[in-house]
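Observations on the three-dimensional arrangement
Read off the chains here:
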Amino acid sequence: LEAVPAEVGAVLAVKEGREVEPVASRTRGGAAPYTKVSQFVTNEVLATRQAVLAEDVPAAAQYKGSDSLSELQATSLICAPIRADGQVFGLLHLY
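This text gives an overview of the structure that appears in the document. (Residues numbered from 1 in each chain as written. Predicted model: local features only at pLDDT ≥ 70, side-chain atom pairs only at ≥ 80, totals over all residues. Heavy atoms only, no water.)

Going through the model one piece at a time under the given rule, you end up with one salt bridge. Here E21 ties to K15 by a salt bridge, and the two come within 3.2 Å at their closest N and O atoms. (Salt bridge = Lys/Arg side-chain N within 4 Å of Asp/Glu carboxyl O.)

Let us look at the side chain of H93. With respect to the element layout, H93 can be found in strand β6 (residues 87-94). Take H93: its relative accessible area is 0%, and that puts it in the buried class. Discounting chain neighbours no more than four positions away, the residues touching H93 are V8, G9, A10, L12, V37, S38, V41, T42, I78 and C79. (Helix = DSSP H or I, 4+ residues; strand = E, 2+ residues; numbered from the N terminus. Buried < 20%, exposed > 50% of the residue type's maximum accessible area, 1.4 Å probe, protein only. Contact = heavy atoms within 4.5 Å.)

What follows is about the environment of A47. Position of A47 among the secondary structure elements: in helix α1 (residues 39-48). The spacing of A47 and R18 is 29 residues in sequence and 9.2 Å in space, taken between C-alpha atoms.

Structure (structure tokens):
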């Protein structure tokens, strides 16, 4: 998190059936217990297999109805799939 202005970072492993499991997480203050990530964004990235970048989450129309983003009070976000051989094995979340 030193290279980016994110408050929270998490790496999630993708299990069968789109279920995700936290592998590592960190907050600006250092190591921390797992911090919840947006299920809405997770589902979008798993469905499209493409990264998501939102610089102004509150103003982004596609995220207006997302309770998970409202709960996280995210102002910006990056969620990227970790892929190999055409499969998504994990996700990287930064808020």
